[in-house]
Amino acid sequence: EVDLVESGGDLVQTGGSLRLSCAASGFSFGYYSIAWFRQAPGKQREGVACISTNDGHTEYTASAKGRFTISSDRAKNTVYLQMNSLKPEDTGVYHCAVGPCILAITATPPPDGYWGMDYWGKGTQVTVSS
């Protein structure tokens, strides 16, 4: 069974940093892409960052680029999201998911909310105080 477990969410002040982890089981890295999504209160879910574990290529949404870094540890089957210079608008529940980066990172979220990801974790809460 494929399982994704997120951790690392916390309450931080504006300008602070957090490192989220997505621990995967039931499949091996190197053949899949892993994406981070977030959903803020009253907002649509959005793709934040994505990594192709095969070649290490990364993609970021505009709001995350330059502040967030996605990385993977293939030996540990874990993907990380290092978040620096956090802003209140970064607040939300962060989920990791298995699926194509081309679908996860887009300026136009799907109107029906279907992202085409194969598996989702249950999420971890990130709160950035103003």
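Residues numbered from 1 in each chain as written. Predicted model: local features only at pLDDT ≥ 70, side-chain atom pairs only at ≥ 80, totals over all residues. Heavy atoms only, no water.

Caption draft 1: Local environment of the sheet that holds strand E3 (residues 18-25). Reading across the sheet, the four strands line up as E1-E3-E8-E7 and stay open at both edges, with antiparallel pairing between neighbours. Every other strand in the sheet has two partners, leaving strand E1 (3-7) and strand E7 (68-73) as the edge strands with one partner each. Each adjacent strand pair in this sheet contributes to an overall mean axis angle of 15°, direction not counted. Note that E1 and E3 share five bridges and pair antiparallel. Looking at E3, one finds that Asp-3 is bridged to Ser-25. (Pairing = 2+ DSSP bridges. Helix = DSSP H or I, 4+ residues; strand = E, 2+ residues; numbered from the N terminus. Axes fitted to C-alpha atoms, helices over the stretch in contact; angles between N-to-C directions.)

Caption draft 2: Seen up close, the state of the cysteines. Here the structure, examined in full by the defined rule, presents two disulfides. Two residues, Cys-22 and Cys-96, share a disulfide whose sulfurs are 2.1 Å apart. Judged by the torsion about the S-S bond (75°), the Cys-22/Cys-96 disulfide is right-handed. With Cys-22 in strand E3 and Cys-96 in strand E9 (residues 92-98), this pair connects stretches of sequence that are 74 residues apart. The disulfide partner of Cys-50 is Cys-101, and the S-S distance across this bridge is 2.0 Å. One disulfide, between Cys-50 and Cys-101, carries an S-S torsion of -80° and so falls in the left-handed class. Of this pair, Cys-50 sits in strand E5 (residues 46-52) while Cys-101 sits in helix H1 (residues 101-104), and the two are 51 residues apart along the sequence. Sequence-ordered numbering of the bonded cysteines in the chain gives a disulfide pattern of 1-3, 2-4. (Disulfide = S-S within 2.5 Å.)

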